[in-house]
Amino acid sequence: MIGMPERDWISPGQAVKPLAAGLGIALLFAGLYAASLYNYLLFHTLAELFSIVIAGAIFIIAWNSREMLDNTFFLIIGIAYLFVGGIDLVHTMAYEGMNIFIGYGPNLPTQLWIAARYLEAGSLLAATFLIARKLRAEYAFAAYSAVFLLLMYAIFSPGLFPDAYIEGEGLTPFKVVSEYLISLMLLAAIVLVHRRREAFEPRVLRLMILAFIVTIAAELAFTLYVDVYGFFNMLGHILKILSFALIYLAVVETGIRRPYALVFRRLSQSEGRYRLFAENFPGIAFQKRPDFSTVFFHGAVEEITGYTEEDFVRGRVQVLDLVHPDDRQAVLESAERLRATPGGAVDREYRIVRRDGGIRWIREHLQSLTDGGGGAVLIQGTIQDISGQKHAENAIRIANEKLSLLNRINRHDILNQLNVILGYLDLSKDMTDDPELRTYMEKQEAAARAIERYTGFARDYQEMGVSGPLWQSARETFLRAVSPIVSGQIPVEADLEGLEILADPMLEMVFLNLADNSLRHGGPGLSGIRAHYRKEGGGRMTLIYEDDGEGVPPDRKYRIFTPGYGKNQGYGLFLVGKILEITGMSIRETGMPGRGARFEISIPYGAWRLAAGERPPDSGIEDEKSAGTEAGV
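This one's a predicted model, so the numbers in the text were calculated from it and none came from an experiment.

1. Examining the overall build of the protein chain
Looking only at helices and strands, one finds 17 helices and 15 strands in the protein chain. Here the protein chain holds 633 residues, and 42% of them are scored as buried. For the protein chain, the share of sequence-separated contacts (at least 6 apart) that also reach a separation of at least 24 residues comes to 68%. Surface exposure of the protein chain reaches about 33,900 Å², of which carbon and sulfur atoms provide 59%.

Right, dumping it as structure tokens:
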């Protein structure tokens with residue numbers, strides 16, 4: 001029926017299974033009861049063997065499914081029941097009338113019984129505390145082995161384990177109190193399991209709680225018997241078998257049915273996710289190269305190209321037929337590179353001509369797989385329509401070109417007018433001897449020169465970042481920038497052999513501004529400039545520029561990198577920081593006032609490399625000259 005939950009429907013087969021199981025259990029208990037009427041020792045032996053077999057089965061299932069269990073509870077229970085069953089086996093052999101352990105009497109089997117129940121209840125309680133913990137199965141098995149051996153030693157050594165049954169008197173206070181204590185431990189386990197019920201499937205949780213309740217009932221029955229062949233003793237054994245069976249069902253559900261159901265459910269979910277991915281991805285294709293025949297494609301390829309899957313698979317159209325003529329050579333070259341490198345990959349962007357004649361930009365990521373037979377390489381790839389992105393990029397490029405052209409025109413006109421103003425100022429100064437007028441004219445000239453410098457900065461800032469970063473020789477770039485402005489005035493050392501930096505093409509402007517800063521502010525004591533580098537931790541490289549001039553006062557170490565600060569235009573070091581920032585570099589001043597300026601350029605991993613055979617000096621003790629404050633840009 002529409003709207004009816006699936007779980008409300010029960011097939012005939014599902015209804016028969018519980019009835020068959022219930023009938024089987026009823027026949028088992030009836031058979032055991034009949035055996036007790038005939039011979040109680042036979043009943044006891046059969047009852048214990050049933051529970052021992054179940055305990056062994058619990059261990060086998062839990063142990064063999066331990067890699068699939070996401071719940072430590074059942075691993076502990078599985079190992080515990082192996083040793084509980086072991087003690088029960090010894091208890092069965094020691095039972096009165098078996099005549100295997102001569103001279104011990106009914107006290108020995110009762111001691112073994114109470115030891116097994118303590119181990120069972122203690123394990124169930126401990127397992128609830130370890131549900132979310134990771135536990136090495138081998139360590140747990142070794143620990144239980146040690147506990148088992150200690151219990152056997154204590155029970156079979158006179159006087160070490162308390163008496164549990166005295167012939168002629170019945171159960172000892174120790175035995176009765178222990179049964180109640182074990183019942184309390186099981187009650188605590190029920191509470192804890194219920195509190196952590198999110199760790200169990202609902203059916204498993206119900207089985208576990210029911211098993212605990214039946215075990216408590218069994219323990220209470222064992223507090224009431226006086227004769228080891230009495231009714232309450234028989235009832236306790238039957239309830240014990242039932243509790244073991246419930247534990248077994250819980251372990252089977254968790255260790256066998258649920259893991260495999262979980263595996264198949266996860267496979268189904270994974271298949272669904274990948275199917276959804278394949279059906280909604282911009283395009284997925286498999287091709288054979290070099291003939292460009294398509295063996296499979298799926299996704300939005302039809303929408304991108306205008307051709308159907310059948311057109312591609314049947315060979316009525318091939319990918320190369322769609323490539324724009326201007327891009328065909330580049331596509332062929334990349335295909336040849338991919339064919340020559342099995343397992344390689346290539347990313348490329350090119351134009352295609354659709355069935356309707358329209359032009360689309362696509363981005364492909366291709367990877368060669370195995371030999372497709374006949375000397376062809378099987379290629380898998382993803383295809384994405386990036387026409388919208390390309391149109392946006394083109395619009396931005398055109399807008400930037402227009403802005404750049406407008407700025408160049410404006411700068412050209414401004415500089416022309418400044419030259420006119422400066423020319424007339426020079427003529428005016430020659431036409432007057434009035435000191436006051438000449439002072440005004442000099443201030444006007446200074447203002448015009450400042451406008452000229454600001455215009456130059458605007459030009460430099462506009463050019464920054466327009467072109468992509470390039471690998472540049474640090475030494476050659478440094479010398480090319482510094483040598484012309486120093487012009488032999490002071491020595492220049494460039495200890496930068498082998499270092500290459502990935503930076504904006506305006507890296508030369510960085511060194512030019514640093515050298516200009518030294519010449520302007522180094523003072524009369526300036527006698528040299530040096531650049532060198534060292535490797536830092538974390539894969540970073542530090543390029544150090546330093547001079548021996550007057551240095552930078554502590555209160556200015558931050559401010560020199562801010563726009564507008566300085567005696568001249570105040571944009572040089574600000575521009576330096578911005579150029580370096582493009583490829584993730586930063587700069588700070590770390591020199592000592594009176595001993596020279598020192599600028600440290602931090603280069604991140606991936607933005608520097610060394611020529612073959614070159615090894616950078618590692619950073620050791622900080623140079624005594626270095627005592628800077630971070631001024632990273």
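2. Let's talk about unusual backbone geometry
At Asn99, a position not held by glycine, the phi torsion is positive, near 55 degrees. Mapped onto the elements, Asn99 comes out in the loop between α3 (72–94) and α4 (107–129).

3. Concerning the sheet that holds strand β14 (residues 598–603)
On the basis of which strands lie adjacent, the open sheet formed by 5 strands has the order β9-β11-β12-β14-β13 and mixed pairing. Among the strands making up the open sheet, the edge pair consists of β9 (492–495) and β13 (586–589). Each strand of the sheet is rotated relative to its neighbour by a mean of 20 degrees, with strand direction disregarded. Each of β11 (529–535), β12 (541–547), β13 and β14 is contacted by helix α16 (residues 507–521), which is oriented at about 30 degrees to β12, the strand it contacts most. Of the strands in this sheet, β13 and β14 are in contact with helix α17 (residues 572–581), which crosses β13 at around 145 degrees.

4. Describing the environment of Glu476
Tracing the backbone shows Glu476 in helix α15 (residues 474–486). Linking Glu476 and Ala494, residues 18 residues apart in sequence, is a C-alpha distance of 8.9 Å.

5. Here we look at the pairing of β12
Counting buried residues in β12 gives 7 out of 7 residues, a clear majority hidden from the surface. Burial along β12 is two-sided: the face carrying Met541, Leu543, Tyr545 and Asp547 and the face carrying Thr542, Ile544 and Glu546 are both buried. Inspection of the sheet shows β11 paired to β12 by 7 bridges, in the antiparallel sense. Bridge pairing in β12 links Lys535 to Met541. Here β11 folds back onto β12, and the loop between the two strands holds 5 residues, one of which, Gly538, carries a positive phi near 75 degrees.

6. So, the packing of α16 against α17
Relative orientation of the contacting elements α16 and α17 amounts to 150 degrees, with a least axis distance of 9 Å. One finds that α16 runs roughly antiparallel with respect to α17. Of the two possible hands of crossing, α16 and α17 adopt the one that is left-handed. Counted together, Leu507, Met509, Val510, Asn513, Leu514 and Asn517 of α16 and Gly572, Leu573, Leu575, Val576, Ile579 and Leu580 of α17 form the full contact between these two elements. The class makeup of the residues in the contact of α16 with α17 is 9 nonpolar, 3 polar and no charged.

7. With respect to the sheet that holds strand β15 (residues 608–610)
Ordered in space as β8-β10-β15, the 3 strands form an open sheet in which the pairing is antiparallel. Across the chains shown, the open sheet's two edge strands, defined by having one partner strand only, are β8 (470–473) and β15. Ignoring which end each strand starts from, the neighbouring axes of this sheet average 30 degrees apart. As judged from the 4 bridges shared by β8 and strand β10 (residues 499–503), these two strands associate in the antiparallel manner.

8. Side note on the nonpolar core
Grouped burial of nonpolar side chains is what soluble globular proteins tend to show. Core analysis: the biggest nonpolar cluster contains 72 residues, and Phe73, Phe212 and Ile247 have the highest contact counts within it. Contributions of two or more residues to this core are made by α2 (40–64), α3, α4, α5 (137–156), α6 (173–195), α7 (202–221) and α8 (231–280). Considering every element that reaches this core, the biggest residue donor is α3, with 13 residues. Every residue in contact with Phe73, bar those within four places of it in the chain, is listed here: Leu124, Ala127, Thr128, Ile131, Val193, Phe200, Met208 and Phe212. Counting 40 residues, the second largest nonpolar core, distinct from the first, contains Ile490, Leu514, Leu526 and Ile529.

9. Here we look at α6
Here α6 contains 23 residues, and its C-alpha end-to-end distance of 33 Å stays within 8% of the 33 Å for a straight helix at 1.5 Å per residue. When we look at burial in α6, the residues that qualify are Lys175, Ser178, Glu179, Ile182, Ser183, Met185, Leu186, Ala189, Ile190, Leu192 and Val193. On its buried face, α6 sits against α3, α4, β2 (170–171) and α7.

10. Here's the deal with α17
With respect to burial, α17 is a largely interior element, 8 of its 10 residues being buried. Listing the buried residues of α17 in full gives Gly572, Leu573, Phe574, Leu575, Val576, Gly577, Ile579 and Leu580.

11. Re the packing of aromatic side chains
Counted by the stated rule, this structure contains 15 aromatic pairs. Relative to Phe148, the ring of Phe83 has its centre 5.9 Å away and its plane inclined at 50 degrees; by these criteria the two rings are tilted. One end of the pair, Phe83, is in helix α3; the other, Phe148, is in helix α5, and 65 residues separate them in sequence. A relative accessible area of 8% means that Phe83 is categorised as buried. Taken together through their ring pairs, the aromatic side chains of Phe59, Trp63, Phe83, Phe141, Tyr144 and Phe148 make up a single cluster.

12. Focus: the side chain of Asp327
In this fold, Asp327 is placed in the loop between α11 (319–322) and α12 (328–340). Residues contacting Asp327, with those up to four places away along its chain left out, are Tyr350 and Arg351.

13. Re the pattern of salt bridges
Overall, the coordinates contain 27 salt bridges when judged by the stated rule. Put simply, Arg354 and Asp356 hold a salt bridge, and the shortest N to O gap is 3.2 Å. Owing to a relative accessible area of 16%, Arg354 belongs among the buried residues under this scheme. Classification of Asp356 as exposed rests on a relative accessible area of 57%.

14. Comments concerning a nonpolar patch on the surface
Judged by side-chain polarity, Tyr38, Leu42, Leu46 and Phe50 come together as a nonpolar surface patch covering roughly 410 Å² of accessible area. A total of 3 residues in the nonpolar patch trace back to one element, the largest contributor, which is α2. When you line up the elements, Tyr38 lands in helix α1 (residues 12–38). A residue is classified by how much of its surface remains accessible, and Tyr38, at 70% relative accessible area, is exposed.

15. Some thoughts on the packing of α4 against α5
Two elements in contact, α4 and α5, have axes whose closest approach is 10 Å; the angle formed by their N-to-C orientations is 155 degrees. Between α4 and α5, the interaxial angle falls into the category roughly antiparallel. You can see that α4 and α5 cross each other, and the crossing is right-handed. Of the residues in α5, those touching α4 at Leu108, Gln111, Leu112, Ala115, Leu119 and Ser123 are Tyr144, Val147, Leu151, Met152, Ile155 and Phe156.

Analysis parameters
Each chain has its residues counted from 1, following the order in which its sequence is written. Two thresholds apply to this predicted model, a pLDDT of at least 70 for residue-level local features and 80 or more for giving and counting side-chain atom pairs, whereas whole-chain, interface and lining totals are computed over all residues. No hydrogens and no water enter the side-chain calculation; it runs on all heavy atoms of the structure. Segments assigned H or I by DSSP are reported as helices when at least four residues long, segments assigned E as strands when at least two residues long, and all are numbered from the N terminus. Only protein chains enter the accessibility calculation, which uses a 1.4 Å probe. A residue is then buried if its area is under 20% of the maximum for its type, exposed if over 50%, and partly exposed in between. What makes two residues a contact is simply this: any of their non-hydrogen atoms within 4.5 Å. Calculation of accessible area relied on Shrake-Rupley with a 1.4 Å probe; when residues are assessed, cover is drawn exclusively from the protein chains displayed. By the convention used here, strands pair only if DSSP detects at least 2 bridges between them. With axes taken as lines fitted to C-alpha atoms, and helix axes fitted only over the stretch in contact, angles between N-to-C directions fall between 0 and 180 degrees. The cut-offs work like this: below 35 degrees is roughly parallel, past 145 is roughly antiparallel, 65 to 115 is roughly perpendicular, and the gaps in between are oblique. Two helices that cross are described as forming a left-handed crossing if the nearer one is turned anticlockwise from the farther one by less than a right angle, and a right-handed crossing if clockwise. Lys, Arg, Asp and Glu make up the charged group, whereas Ala, Val, Leu, Ile, Met, Phe, Trp, Tyr, Cys and Pro make up the nonpolar group; the residues left over, Gly among them, are polar. Definition used in this section: a nonpolar core is a set of buried Ala, Val, Leu, Ile, Met, Phe, Trp, Tyr and Cys residues joined via side-chain atoms within 4.5 Å. The span one expects for a helix is its residue count, reduced by one, times 1.5 Å. Pairing of aromatic rings covers Phe, Tyr and Trp, the last through its six-membered ring, and needs centres within 6.5 Å; plane angles under 30 degrees mean stacked, over 60 mean edge-to-face, and all others mean tilted. Put simply, a salt bridge is a Lys or Arg side-chain nitrogen that is within 4 Å of an Asp or Glu carboxyl oxygen. Residues with no salt bridge and a relative accessible area higher than 30% make up the patches, which join like charges within 9 Å and nonpolar side chains (Val, Leu, Ile, Met, Phe, Trp, Tyr) within 5 Å.

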